[in-house]
Amino acid sequence: MRDPKELETISERTLDHYRGSAESFRENTRDHDVSQNIAALLRHIRAPSPLQILDLGCGPGRDLKTFTALGHVAVGVDGAEPFVEMARAESGCEVWHQNLLQLDLPDGRFDGVFANAVLFHVPSAALAQVLGCLHRTLKPQGVLFCSNPRGDNQEGWSGERYGAWYDWPAWRERMLAAGFEEIEHYYRPSGLPRAQQPWLASVWRA
Ligand SMILES: C[S@@+](CC[C@H](N)C(=O)[O-])C[C@H]1O[C@@H](n2cnc3c(N)ncnc32)[C@H](O)[C@@H]1O
C-alpha cells in the first residue's frame, strides 16, 4: 500500500515530464509503427463495426487518428494537458483529461481499450484499481490491448518518469486477478532475439 499523497506525487512528476516534453515527444513518436498492436486489438473484438475504442494515455493522438481512419469511433484519455489539446486537434476525436489513478469512465461503453505504452506508469500499488476501471468500461466480451516495456518486476524512477517493469508471469497474474481472460501475448519488435525485444504486448477479454 502507498499513501494517496505519494501516488499523486508520483503521477504528477511523471506527467510534468510529459507536459514539458510534449512537442519533442510528438515529433519523435509520430512515425512509430504500432500497426501490429492495433491489429492485435481489433482482430479479437467480436462486435460489428464501427467499434467504440478508448485510447488510454493517447499522447498526441497518432493512434486516435488511425482508429478514426479505419472507420471506428475513438475516444482518448490523457493526463497531460498539452497532449489532450494536440490529440483533439490532430484527430478531431473527443479526448478526456483524466489521471490514470483517478479514472472516471462510463460503465460498459467500449468494445476495445488500447493501452499502448501507458500502464507501466501506474505504480504497482494502484494497478488493480486501474485495471478494475478498464474492465468496467468495457462491454461484456470487450477487449483490452496493452503494451509495456518489460523487466524483472522492479519499479521506480527512470529519470523523471515513474515505471513498473513486469515479466510475463507477473503481468499475467495481475491481469487474471483483475478478472481478464488471456487471449494472446507477444514481444516486440518482432523477428529479433528475445534480448532485443524490450516490449511485452498482451491482449485480454473482459
Ligand atoms: C509513453 S507515452 C505513450 C503515448 C501513446 N500511447 C503512444 O503510444 O505514443 C505515455 C502516456 O501516458 C500518459 N500518462 C502517464 N502518466 C499518466 C497519468 N498518471 N495519468 C494520465 N496519463 C498519464 C502520458 O501523458 C503519455 O501520453
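Residues numbered from 1 in each chain as written. Predicted model: local features only at pLDDT ≥ 70, side-chain atom pairs only at ≥ 80, totals over all residues.

Before going further, it helps to examine the overall build of the protein. Counting its regular elements, the protein contains 7 helices and 9 strands. Computed over C-alpha atoms, the radius of gyration of the protein comes to 16 Å, within 12% of the 17 Å expected from 2.2 N^0.38 for 206 residues, which places it in the range of a compact globule. With respect to the principal axes defined by its C-alpha atoms, the protein has extents near 40 × 35 × 35 Å. Expressed as a percentage of the 206 residues in the protein, the buried residues total 39%. (Helix = DSSP H or I, 4+ residues; strand = E, 2+ residues; numbered from the N terminus. Rg over C-alpha atoms; globule rule 2.2 N^0.38 Å. Buried ≥ 20, exposed ≤ 12 C-beta atoms within 10 Å, placed from the backbone.)

What follows covers the pairing of strand S3 (residues 94-97). Pairing between strand S2 (residues 73-78) and S3: 4 bridges, direction parallel. Its bridge partner lying in S3, Val77 is registered against Trp96. In this region the chain leaves S2, passes through helix H5 (residues 81-91) and returns to the parallel neighbour S3; the handedness of that crossover is right-handed. (Pairing = 2+ DSSP bridges. Right-handed = clockwise from strand over helix to strand, strands pointing away.)

What follows is about the sheet that holds strand S1 (residues 52-56). Taken in spatial order, the 7 strands of this open sheet run S3-S2-S1-S4-S5-S9-S8, and their pairing is mixed. Two strands in the sheet have a free side with no partner beyond their single neighbour: S3 and strand S8 (181-188). Each strand of the sheet is rotated relative to its neighbour by a mean of 15°, with strand direction disregarded. Contacts between helix H3 (residues 35-42) and the sheet are confined to strand S4 (110-116), strand S5 (138-149) and strand S9 (199-205), with S5 contributing the most and set at about 160° to the helix. Where helix H6 (residues 124-137) meets the sheet, it contacts S1, S4 and S5, and its direction lies at approximately 140° from that of S5. (Axes fitted to C-alpha atoms, helices over the stretch in contact; angles between N-to-C directions. Contact = placed C-beta atoms within 7 Å.)

This paragraph deals with the environment of Asn99. Following the sequence through the fold, Asn99 ends up in the loop between S3 and S4. A C-alpha to C-alpha distance of 26 Å links Asn99 and Ala40, two positions 59 residues apart in sequence. Each residue touching Asn99, except ones within four places of it in the same chain, is listed here: Ser11 and Gly79.

This part is about the site of the ligand. With respect to spatial proximity, 19 residues lie near the ligand, and among them Ser11, Gly57, Gly59, Gly79 and Ala80 are the closest. With 4 residues, helix H1 (residues 4-20) is the largest single contributor of residues to the shell around the ligand. Class assignment of the residues belonging to the shell around the ligand gives a composition of 9 nonpolar, 9 polar and 1 charged. (Near = placed C-beta within 6 Å. Nonpolar A, V, L, I, M, F, W, Y, C, P; charged D, E, K, R; others polar.)

Before going further, it helps to spend a moment on the packing of helix H4 (residues 62-69) against H5. Between two packed helices, both the angle of their axes relative to each other and the distance between the axes serve to describe the pair. H5 packs onto H4 with a crossing angle of 30° between their chain directions and a minimal axis gap of 8 Å. It follows that H4 is roughly parallel to H5 by the angle criterion. Handedness of the H4/H5 crossing: right-handed. For the pair formed by H4 and H5, the contact residues are Leu64, Lys65 and Thr68 on the first element and Ala87, Glu90 and Ser91 on the second. (Parallel < 35°, antiparallel > 145°, perpendicular 65-115°, else oblique. Left-handed = near helix turned anticlockwise from the far one by under 90°.)

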